[in-house]
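Structural overview
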Amino acid sequence: MIVDLHNHTLLCNHASGSIDEYIKKAIETKTEYFGFSDHAPMDFDPKYRMNFNQMNTYEKDVLDAKLRYKDKINILLGYEVDYLKGHMDDRVLNAKVDYLIGSIHFIEGWGFDNPEFIGRYEEQDIDEIWQKYFDTIEEMANTKLFDIVGHLDLIKVFKFMPKKDITLIARNALIAIKKADMVIEINVAGYRKPIKEAYPSSSLLQLAFKLEIPITFGSDAHEPNQVSLFNDEVIKLAKSVGYIECAYFENRKRKFIKF
Ligand SMILES: [Zn+2]
Ligand SMILES: [Zn+2]
């Protein structure tokens, strides 16, 4: 991928491989801007993320790698932050990074993308679940704390689809994203999940394009061999909608590159 801003490291306790292995794969696949955005620490669900004491190590390791590889690739530093009201922490929000991805992994404390809790989908009206998810995305955008919306329609992960038109459910969230001047990512993790397609779907991407919301790309790699997978598919998807450029960030400043 020419720009790839969503990648994890060992520190989150559910990824494997060294920083160097990720970067080597990115160089091999001709990535120009490769960003690490590991799960930021939070006082909720701590086992799937680094802890606050590890932030220094993480940031230093990525910045060291940035220098080491500076003639071959541009390495960027970020965090994927779980947006969860009451659990946001200034140590993360004010970290000196290139960008912050804001992601929703919880609806009212329910880890809806965790197969362990899949039963909960049967307990509520599916349209309501989807609406709650996108209402939370809207709330997150309104905080203006983040640069990128992570995997915009993650709620489709297990393929429990709403009866209602998805673009109607997501419309206000996308308008809030535009107002907050955020970017959405085309994230390929969905290809590795039951839904078997990128986040977001083509219909949501079309709506984003109409609203002039910029895009970026993310492997969401949790192991080095996932870096740049499905590149051809996402470039095709982005172009089919009309996108010709994608965003990356340096020191929280947005820049664009054609793909
Ligand atoms: Zn993860
Ligand atoms: Zn995520």
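Further up the page is the structure itself.
1. Considerations on the packing of helix H5 (residues 166-179) against helix H6 (residues 202-210)
Where H5 meets H6, the axes come as close as 10 Å, and the angle between the chain directions of the two elements is 40°. Classified by the angle their axes make, H5 and H6 are oblique. Crossing of H5 over H6 shows right-handed handedness. Here Ile166, Thr167, Ala170, Arg171 and Leu174 of H5 come into contact with H6, specifically with Ser203, Leu204, Leu207 and Ala208. Residue composition of the contact of H5 with H6, by class: six nonpolar, two polar and one charged.

2. Remarks on the coordination of the zinc ion (ligand 1)
The protein atoms donating to the zinc ion (ligand 1) are His14 (NE2), His39 (NE2) and His222 (NE2), with metal-donor distances spanning 2.0 to 2.1 Å. Taken as a pair, the zinc ion (ligand 1) and the zinc ion (ligand 2) lie 5.6 Å from each other. Placement of His39 in strand E2 (residues 33-39) and of His222 in the loop between strand E7 (215-218) and helix H7 (231-241) is noted, with a sequence separation of 183 residues between them. His39 gets classed as buried once you look at its relative accessible area, which sits at 7%.

3. Examining the coordination of the zinc ion (ligand 2)
In this structure, Glu80 (OE), His105 (NE2) and His151 (NE2) serve as the protein donors to the zinc ion (ligand 2), at separations of 2.1 to 2.3 Å. For the zinc ion (ligand 2), the single-chain donor residues occur in sequence as E-x24-H-x45-H.

4. Here we look at the pairing of strand E8 (residues 245-250)
Alignment of E8 against strand E9 (residues 253-258), held across six bridges, turns out to be antiparallel. Bridging from a neighbouring strand, Glu245 pairs with Lys258 of E9. Hairpin connection of E8 to E9: two residues between the antiparallel strands, including Asn251 at a positive phi of 50°.

5. Describing the pattern of salt bridges
For the coordinates displayed, the defined rule picks out 13 salt bridges. Asp64 is the partner of Lys60 in a salt bridge, and the nearest nitrogen-oxygen pair spans 2.9 Å. Here the residue Lys60 and the residue Asp64 both occupy positions in helix H2 (residues 55-68), the gap between them amounting to four residues, near one helical turn. Ionic pairing is found between Arg252 and Asp147, a salt bridge with its closest N-O pair at 2.8 Å. Pair noted here: Arg252 is in the loop between E8 and E9 and Asp147 is in the loop between helix H4 (126-143) and strand E5 (148-149), with a separation of 105 residues, a long-range link. Each of Asp45, Arg49 and Asp82 takes part in salt bridges that share partners, so that together they form one network.

6. Some thoughts on the packing of aromatic side chains
Taken as a whole and assessed by the stated rule, the structure comprises 17 aromatic pairs. Taking 5.4 Å as the distance between ring centres and 80° as the angle between the ring planes, the aromatic pair formed by Phe112 and Tyr133 counts as edge-to-face. With a gap of 21 residues between them, Phe112 in the loop between strand E4 (99-103) and H4 and Tyr133 in helix H4 connect regions that are remote in the sequence. Side by side, Phe112 and Tyr133 carry an identical accessibility label, which is buried. Judged by centre distance (5.0 Å) and plane angle (85°), the rings of Tyr133 and Phe134 are edge-to-face. The residues Tyr133 and Phe134 share a single accessibility class, namely buried. A network of ring pairs unites the aromatic residues Trp110, Phe112, Tyr121, Trp130, Tyr133, Phe134, Phe158 and Phe160 as a single cluster. Geometry around Phe52 places Arg91 over its ring, the cationic atom sitting 3.8 Å from the centre.

Parameters and conventions
Residues numbered from 1 in each chain as written. Chains lettered and ligands numbered in written order. Predicted model: local features only at pLDDT ≥ 70, side-chain atom pairs only at ≥ 80, totals over all residues. Heavy atoms only, no water. Axes fitted to C-alpha atoms, helices over the stretch in contact; angles between N-to-C directions. Helix = DSSP H or I, 4+ residues; strand = E, 2+ residues; numbered from the N terminus. Parallel < 35°, antiparallel > 145°, perpendicular 65-115°, else oblique. Left-handed = near helix turned anticlockwise from the far one by under 90°. Contact = heavy atoms within 4.5 Å. Nonpolar A, V, L, I, M, F, W, Y, C, P; charged D, E, K, R; others polar. Donors = N, O, S within 2.8 Å, 3.2 Å for Na, K, Ca; no water. Buried < 20%, exposed > 50% of the residue type's maximum accessible area, 1.4 Å probe, protein only. Pairing = 2+ DSSP bridges. Salt bridge = Lys/Arg side-chain N within 4 Å of Asp/Glu carboxyl O. Phe/Tyr/Trp six-rings, centres within 6.5 Å; stacked < 30°, edge-to-face > 60°. Lys NZ or Arg CZ within 6 Å of the ring centre and 35° of its normal.

Spatial relationships are all this shows, so hold off on functional conclusions.
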